[in-house]
Amino acid sequence: MLPFVAHTSTIEQVIQEVHSSLHGISSQDASARIQQFGKNKLVDKHKKSAFSLFIQQFKDFMILILIAAAVISGFAGDTTDTVIILIIVLLNACIGFVQEYRAEKAMEALNKLAVTYANVLRDGIVVQVLSEDLVPGDLVLLEAGMVVPADMRIIESFALRVEEASLTGESLAVDKSTVALVDDETPLGDRINMLYKGTLISAGRGKAIVVATGMDTELGKIAHMLQLKEVATPLQQRMTAFGKKLSYIILFICLVLFVSGWLRGEDPATLLLLSISLAVAAIPEALPALITIALSRGASRLSNQQVLIRKLPAVETLGSVSFICTDKTGTLTLNKMKVVDDKEILRASFESNISLFQAAQLLNQDVSWSEQEGMKGEATELALVQHVSAEYTQVWFDKFLQTYPRVSEIPFDSDRKCMTTVHAVQDRFLVITKGADESVAALLHNAEERSLLKELALNWAKEGKRVITYAYKWLDKTEVNQTDLESQLHLLGLVALMDPPRPEVKEAIAHCKRAGITPVMITGDHPATAAAIATEIGLLTEGGIVMTGKELTNMDSEAYLNQVERTVVYARVSPEQKLQIVQSLQNKGHYVAMTGDGVNDAPSLKASNIGVAMGINGTDVSKEAAHMVLLDDAFTSILLAVKEGRRIFDNIRKFVKYIMTCNGAEIWTIAIAPLLGLPMPLLPIHILWINLVTDGLPALALANERAEKNVMQRPPRPASQSIFADGIGYHIIWVGILMAAVTLFTQYFHYSKDSNLPWQTMVFTVLSLSQLTHVMAIRSDRRFLFQQGLFSNTSLFIIVMLTFGLQMMVIYVPFFNTIFKTQPLTMEQLFFCIGMAMIVFHAVEAEKWMKQIFVKK
């Protein structure tokens, strides 16, 4: 980047610094500068290939253990186990790859946004070049409708207006000028003499000199920030920690089992097979797929509520969110200017039922009205005209304009900040001036009117309203002089406009606070406007802090960290500062949701724990960087998503509780049986069947459990909270031991009685059916099954019955007897197995009874 501050430099200084002229540069210079500064395009330095993304899915420690178990099983001659394990691993890898591959598209969207053409002066003539071929020093010709191709300093401006919302968050088009600014730290949104890559020229024309290209532009800085590593979700963090701990425990138990058996003189090959069985039993093969399916179902439900989930882990992350940082325009507000107040100073009639003040608003405007397209025009003018013409038709409107034709005008420009039109009214001319209060005040002939205008405008400005002032004078037809039109005017009236809050937002903010979530407004608008809206919707209350981007820049990091949790409104902030806000809250231990619609929001969307893009007004870049997209741009949709996220996490905890209890039972059974002098109770294929069918199918149905009634009245889960908190860890241990006990009792009772009995089939059946009775009992932590109703989760009931049927098929169908090495049971033996399984159900129901008595919640 060139070492000077363009917005505080004069035009002459800028030309000198970039070694250019008012006639541009030569083609030879342009070629040399491309070699020096590089192409004017965005570069992704850390782009991963599809192959490397796929390979990365196999680096998880638990996955590596499964692969090792599959390889050893293959060498041991058990190809069935090997094939099943490898299929599971491959499916899990494919799911993860698809999610991450989609996330890598953010940089591609940025590059698509940046591909434009520009007309430049080279060798003294106008030529059209690709935006990527622009270099510092190029003189670019500007016109309405043009996407700004690079960062540029304006050197000529004729009513130039630029839409910068995608970069700065400013909701209205910005008037541009050539005047050098004073403050080096002027926020992007206030640099009226600068143009930035990716923004849109909405009106006017002019010339500008390129001062930065490619990755040195403000858009390039955003691209740099997009290359930051994405934050892991709470579920990913918890499951990673859980996976490592479980893997170490598994390896330790397998080692102890192998060594103790070897010391007792047992066959090493048998011990190796037993260790593999234990590893397969302990690792919850179905868990990654179950979590993905549960998240997918949540995403499907949310899509019906105008929320599109782009990255599945985001669904669960919503349940942990403690701060929601939201843009103002379009999310909390309607993104539509509306007249909220007016004050008629001079009460004078113009024609029947039309006052002079109303006539001024109808005549001094450039709005078009057609039957096909309705009213079209600049947002502020549309609001003003619609406010006055609401009760009139398009035919009446056209006739009114024809009756009082415009005969002369002085167009709006950013220096004067006003617009004047002259209309023929019978034998006189009506001069109407409309503009900013301070600009119109300077044109009034009466000091009292100036004082009144200042007082009224100041009061409205404090309320965050945008003030438009109207003044007028009458002229005889012989007195019209263009240079004297904007002088000796009379104050006619004032109009206050705002982008009003969405009707439902105030209640949504209250719901947020009840759920322990702090909403924070981050906007590119002025502080007064932001504070007024925040107060109206209940976001800014006593003790809340309003901070500007400039104040944040001048504050040291320690002081800011001390008040970041109390700052609820940020105004005039830069993209880097949005990122700083998100990261500061994360450093305080919070999970942060960030909403945004512009290019400037993309880095903070990606860095936040959950990035939320706008579906209607959002740019492609923001949507690609975000975890989810609000299809209706409504803040209330975030709350629906949070509720769904909390429900999903509750249900994930239920099937983690279910699966790990079952796996624990398998571990205890396999590990303790040899110590009791019993043969190996289960074969590896039995364990895989239990893990994939008896565990997997019912656990999947647990994802359909309804949300608890108090789900949005409790605080977010602490970031450090284990997935085994609230007694889940204890439940896994004691119920796992109980399942193992009834299973081992079954083995001991029948094996010691007659080793020729189908004791291994009975062990397999007791363990399978115990898990089915267990899943029916854990649907709620505190409510008994009869209180919930057997059919309140219909899918679970059907799947339990289906799984029971599949287990019977494995026992009684000869083909499956061969594969699973099972034997048919007598009715007496089957009922014995069912009775053993029901012990587990009643024990878990008794646990709920104990909680109701001794644990108040």
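Residues numbered from 1 in each chain as written. Predicted model: local features only at pLDDT ≥ 70, side-chain atom pairs only at ≥ 80, totals over all residues. Heavy atoms only, no water.

### Observations regarding the packing of helix α29 (residues 759–777) against helix α31 (residues 794–812)
The condition that has to hold: Axis definition: a line fitted to C-alpha atoms, limited for helices to the stretch in contact. Angles are taken between N-to-C directions and run from 0 to 180 degrees. Starting at the N terminus, helices and strands are each numbered in turn, a helix being any DSSP run of H or I of at least four residues and a strand any DSSP run of E of at least two. An angle counts as roughly parallel when it lies under 35 degrees, as roughly antiparallel when it exceeds 145, as roughly perpendicular when it falls between 65 and 115, and as oblique in every other case. Contact between two residues is taken to exist if any of their heavy atoms lie within 4.5 Å; hydrogens are not considered. Under the scheme applied here, ten amino acids are nonpolar (Ala, Val, Leu, Ile, Met, Phe, Trp, Tyr, Cys and Pro), four are charged (Asp, Glu, Lys and Arg), and all others, including Gly, are polar.
Where α29 contacts α31, the axes come no closer than 11 Å and their chain directions differ by 180°. Classified by the angle their axes make, α29 and α31 are roughly antiparallel. Within the contact between the two elements, α29 uses Thr761, Phe764, Thr765, Ser768, Leu769, Leu772, Val775 and Met776 and α31 uses Leu796, Val800, Thr803, Phe804, Gln807, Val810 and Ile811. The residue inventory of the contact of α29 with α31, partitioned by class, reads 10 nonpolar, 5 polar and no charged.

### As for the nonpolar core
Going by this rule: Buried residues of nine kinds, namely Ala, Val, Leu, Ile, Met, Phe, Trp, Tyr and Cys, make up a nonpolar core once their side-chain atoms join them within 4.5 Å. Three labels apply to residues, based on accessible area from a 1.4 Å probe with only protein chains included: buried if under 20% of the type maximum, exposed if over 50%, partly exposed otherwise in between.
In this structure, Leu539, Met628, Phe635 and Phe655 are the most contacted members of the largest nonpolar core, which totals 109 residues. A total of 16 residues in this core trace back to one element, the largest contributor, which is helix α25 (residues 635–675). Once you skip the residues sitting within four places of it in the chain, Leu539 turns out to touch Leu332, Ile509, Lys513, Pro519, Val520, Met521, Ala534, Val568 and Val569. Counting 42 residues, the second-largest nonpolar core is a separate cluster that includes Leu219, Cys325, Tyr570 and Val599.

### A look at helix α17 (residues 447–462)
To be explicit about the condition: Expected helix span is taken as 1.5 Å per residue step, with the number of steps being one fewer than the number of residues. The reported arc concerns the directions from the helix axis to the C-beta atoms and nothing else. Pairs of N or O atoms within 3.5 Å make up the polar contacts considered here, provided that, within protein, one atom can donate a hydrogen while the other can accept it, and that residues adjacent in sequence are counted only when both atoms are side-chain atoms.
With 16 residues, α17 extends 23 Å between its outermost C-alpha atoms, agreeing within 8% with the 22 Å of an ideal straight helix rising 1.5 Å per residue. For α17, the complete set of buried residues consists of Glu449, Leu453, Leu456, Ala457 and Trp460. Viewed along the axis of α17, the buried residues span an arc of 100°, placing them on a single side of the element. Exposed and facing more than 90 degrees away from the buried side of α17 are Glu448, Lys454 and Lys462. Looking at the packing, one finds that the buried side of α17 touches β10 (338–344), α16 (437–441), β18 (466–476) and β19 (490–498). At the N-terminal boundary of α17, the capping side chain belongs to Asn446, with an oxygen 2.7 Å from the backbone nitrogen of Glu448. Positive phi shows up at Gly464, right after α17, with a value of about 80°.

### Structural notes on the sheet that holds strand β22 (residues 567–571)
Condition: When DSSP finds at least two bridges between two strands, those strands are taken to pair.
Taken in spatial order, the 8 strands of this open sheet run β8-β25-β24-β23-β9-β20-β22-β21, and their pairing is mixed. Looking along the sheet, the strands with just one partner apiece sit at the ends: β8 (307–309) and β21 (545–548). Looking at each pair of strands side by side, their axes are set apart by 20° on average, direction ignored. For strand β23 (residues 592–596) and strand β24 (residues 610–614), the ladder comprises 4 bridges, and the chain directions are parallel. From the neighbouring strand, Met594 faces β24, where its bridge partner is Gly611.

### Focus: the packing of aromatic side chains
For any two aromatic rings, the description comes down to two numbers: the centre-to-centre distance and the angle of the planes. Threshold: Only Phe, Tyr and Trp rings are paired, with Trp represented by its six-membered ring, and only when their centres lie within 6.5 Å; those with planes under 30 degrees apart are stacked, over 60 edge-to-face, the remainder tilted. Only lysine NZ and arginine CZ atoms are considered, and such an atom sits over a ring when it is within 6 Å of the ring centre and within 35 degrees of the ring normal.
Tallied over the entire structure, the rule returns 15 aromatic pairs. Summarising the aromatic geometry, the rings of Trp369 and Phe397 are spaced 5.2 Å apart at their centres and angled 55° between planes, so their arrangement reads as tilted. Taken together, the residues span a long stretch of sequence, with Trp369 in strand β13 (residues 368–370) and Phe397 in helix α15 (residues 394–403) at a distance of 28 residues. Of the residues examined, Phe397 reaches a relative accessible area of 1% and is grouped as buried. When the centroid spacing of 4.7 Å and the interplanar angle of 70° are considered together, the rings of Phe791 and Phe797 count as edge-to-face. Ring pairing ties together the aromatic residues Phe350, Tyr392, Trp396, Phe400 and Tyr404, which thus form one cluster. Across the ring face of Phe158, the terminal group of Arg205 is positioned such that the distance to the ring centre comes to 4.2 Å.

### Focus: the sheet that holds strand β15 (residues 406–410)
Ordered in space as β10-β19-β18-β17-β16-β15, the 6 strands form an open sheet in which the pairing is antiparallel. Two strands lie at the open edges of the sheet, namely β10 and β15, each paired on one side alone. Put simply, the sheet's adjacent strands are angled 20° from each other on average, direction ignored. As judged from the 7 bridges shared by β18 and β19, these two strands associate in the antiparallel manner. Across the sheet, the residue bridging to Thr469 is Leu494, located in β19. Strands β10, β18 and β19 of the sheet are contacted by α17, whose axis makes an angle of about 5° with β19.

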